[in-house]
Amino acid sequence: MAPDNDAVFMARALELAERGRGFVTPNPRVGAVLVRDGAIVAEGWHKVFGGPHAEVECLREAEERGIDPAGATMYVTLEPCNHFGKTPPCSRTVLEAGVSRVVIGCLDPNPVAGGGAETLRQGGVAVDVGILGQECRDAVADFVVYKTMGRPYVTLKLAMTLDGRIAARTGDSAWVSGPESRRRVHRMRAASQAVMVGGGTFRADDPRLTHRLEVVDPLSGNPQPLAVVVTRSLPPADARFALVRERSPSLVFLTSEAEARAAAGLALAKRGVRVYGLPLRDEGELDLLPGLTRLRDEARVFRLLCEGGGGLAGQLVAQGLADELALFYAPKVLADAEAVPGFSGRIIPRMADAAGFRFCGLRQVGEDILVTARPAAEPSA
């Protein structure tokens, strides 16, 4: 099979994998296609946590179509699992189906499930690894983070003007982006277990941080995400903020250890709000990693969507905790040096010291452009 064709079929498998977003967490999103004589004859993706994996779904579709997979090639974005979990090992299922070649996007980073490629080779299957490898690793980047690093995968979403401003100097931000982008953000919320904002955004916008999708949207039935607010100064327990009034059991404050022990923190905790006291970094900012770790361990937050503001965005970048940037650029320019920047709070004298990212996605959403970027360096445990 020509390498160009391999890339085409793997790209289709990646498209299928994306359909699992919001449904399979904490499993990785995976897609698979079965190819015979240069044409796709069956497709599958991991559809729901605990359900059949992509390879099984693909072989099931082949069976439904009356197609014998023996001698065919399977393209799968992630190495077939090699252990008994909620489902039997996919490596054995593919072997038993008689598939003669398996093309794998990337190896499984989970040592418990890995090894499928070697099992297939030992069974006489031709195995190739690394086709669209970076794209396939990106598709499971969230899984790598919460599986190996003990914290949620953090997507930092910002709606900005072309000159990088998230609000006018007055704080007005309604609306930077268009309705299509806002609908997309609600889908991002529904695919996350928590939505986080900074204290300034909390006080200025009085948000609810819920997803509000039409019932026809497949993600509309997902649970509402936790609301997480990062602030050095807690509000009173009787404050008229919507999150305190309406969502106390689903609200988490990340604050300083001293503030968590003070009267406001104790009163909020009595109301049912979770208040996590965090240590301070040398610069005097909150050390966010312990808070994220507690969200992962105590609240089962695997994917966290941060919606700013600029100070919190800057701290996530500075602390190496922004795993993905989702930047919605609106076709607007403020040209006001006093307008609110998308990222703030750092003093960087040299361009060489800027945080490095790589572009990995660009698409038009209504009148806006969504730019996706990830850290230039791969995350490490």
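Note that the structure is predicted; figures quoted are calculated from it, not measured. Within each chain, residues carry numbers counting from 1 in the order of the written sequence. Whole-chain, interface and lining totals are the exception, using all residues; otherwise, since this is a predicted model, local features are given only for residues with pLDDT of at least 70 and side-chain atom pairs are given and counted only at 80 or more. Working from all heavy atoms in the structure, the side-chain values ignore hydrogens and water.

### Remarks on helix α3 (residues 90–97)
Buried residues of α3: C90, S91, V94 and A97, and no others. Buried residues in α3, looked at end-on, bunch into an arc of 130 degrees, giving them a common side. Those residues of α3 hidden inside the fold are in contact with α2 (54–64), β3 (73–78), β4 (101–106) and α4 (116–122). Think of it in three bands: residues with accessible area under 20% of the maximum for their type are buried, residues over 50% are exposed, and the middle band is partly exposed, with areas taken using a 1.4 Å probe on protein chains only. Numbering of helices and strands runs from the N terminus; a helix is a DSSP stretch of H or I covering at least four residues, while a strand is a stretch of E covering at least two. The arc in question is the one spanned by the directions pointing from the helix axis to the C-beta atoms. Here a residue-residue contact requires only that any non-hydrogen atoms of the pair lie within 4.5 Å.

### Describing the pairing of strand β8 (residues 194–198)
Most of β8 sits out of view: five of its five residues are buried. Alternating positions in β8 separate into two faces, A194, M196 and G198 on one and V195 and V197 on the other, with burial throughout. By the criterion used throughout, a crossover qualifies as right-handed when its path from the first strand across the helix to the second strand runs clockwise, the strands pointing away from the viewer. What joins β8 to strand β9 (residues 226–230) is helix α8 (residues 199–205), and the crossover it makes is right-handed. Relative to strand β12 (residues 303–306), β8 runs parallel, the two being bridged by three bridges. Considered in β12, the bridge of A194 is made with L304. Between any two strands, at least two bridges found by DSSP are needed for them to pair.

### Some points on the UniProt feature "active site" (unreviewed entry) in the chain
Taking the UniProt record as the reference, the feature "active site" (unreviewed entry) is found at E55. Residue placement: E55 occurs in helix α2. The exposure class assigned to E55 is buried, which follows from its relative accessible area of 4%. Leaving out residues up to four positions away in the same chain, E55 has contacts with A32, M74, V76, L78, E79, P80, C81, C90 and V94. UniProt positions are given in the numbering used here, feature names are shortened, and annotations may be inferred rather than shown by experiment.

### Things to note about the nonpolar core
We call a set of buried residues a nonpolar core when its members are Ala, Val, Leu, Ile, Met, Phe, Trp, Tyr or Cys and they connect through side-chain atoms within 4.5 Å of each other. If you look at the biggest cluster of nonpolar residues, it comprises 43 residues, and the most contacted ones within it are L34, M74, Y75, V99 and V102. Among the nonpolar cores identified, the runner-up in size contains 30 residues, and I166, V301, C306 and L325 belong to it.

### Here we look at the side chain of T25
You can see T25 is positioned in the loop between α1 (3–18) and β1 (31–36). Residue T25 is classed as buried on the basis of its relative accessible area, which comes to 17%. Once residues within four sequence positions are removed from consideration, T25 is found in contact with F49, Y146, Q193, F302 and R303.

### Remarks on the packing of α2 against α3
Look at α2 against α3: their axes get within 9 Å of each other, and the N-to-C directions meet at 25 degrees. Judged by the inter-axis angle, α2 sits roughly parallel to α3. Here the hand of the crossing between α2 and α3 comes out left-handed. Contacts from E55, V56 and L59 in α2 reach C90, T93, V94 and A97 in α3. Amino acids are sorted into nonpolar (Ala, Val, Leu, Ile, Met, Phe, Trp, Tyr, Cys and Pro), charged (Asp, Glu, Lys and Arg) and polar (every other residue, Gly among them). When grouped by side-chain class, the residues that make up the contact of α2 with α3 number five nonpolar, one polar and one charged. Note on geometry: axes are C-alpha line fits, over the in-contact stretch for helices, and angles between N-to-C directions span 0 to 180 degrees. In these notes the angle categories are as follows: under 35 degrees is roughly parallel, over 145 is roughly antiparallel, 65 to 115 is roughly perpendicular, and the rest is oblique. Left-handed is the label given to a crossing in which the near helix is rotated counterclockwise from the far helix by less than a right angle, and right-handed is the label when the rotation is clockwise.

### With respect to the UniProt feature "binding site: substrate" (unreviewed entry) in the chain
According to UniProt, the feature "binding site: substrate" (unreviewed entry) maps to S173, R189, L209, R212 and E307 in the numbering used here. Position of S173 relative to the elements: it lies in the loop between β7 (165–167) and α7 (179–190). Setting aside chain neighbours within four positions, we find S173 in contact with I166, A167 and D205. Following the sequence through the fold, L209 ends up in the loop between α8 and β9. Looking at L209, the relative accessible area reads 2%, which means it is buried.

### Some words on the state of the cysteines
Think of a disulfide as a covalent bridge from one cysteine sulfur atom to another cysteine sulfur atom. Cysteine sulfur atoms are paired as a disulfide whenever they fall within 2.5 Å. Tallying each qualifying case throughout the model produces zero disulfides. In this structure C136 is not part of a disulfide, and its nearest cysteine sulfur, from C106, lies 5.5 Å away. Its sulfur unpaired, C360 is 13 Å from the next cysteine sulfur, which belongs to C136. Note on C360: relative accessible area 30%, which makes it partly exposed.

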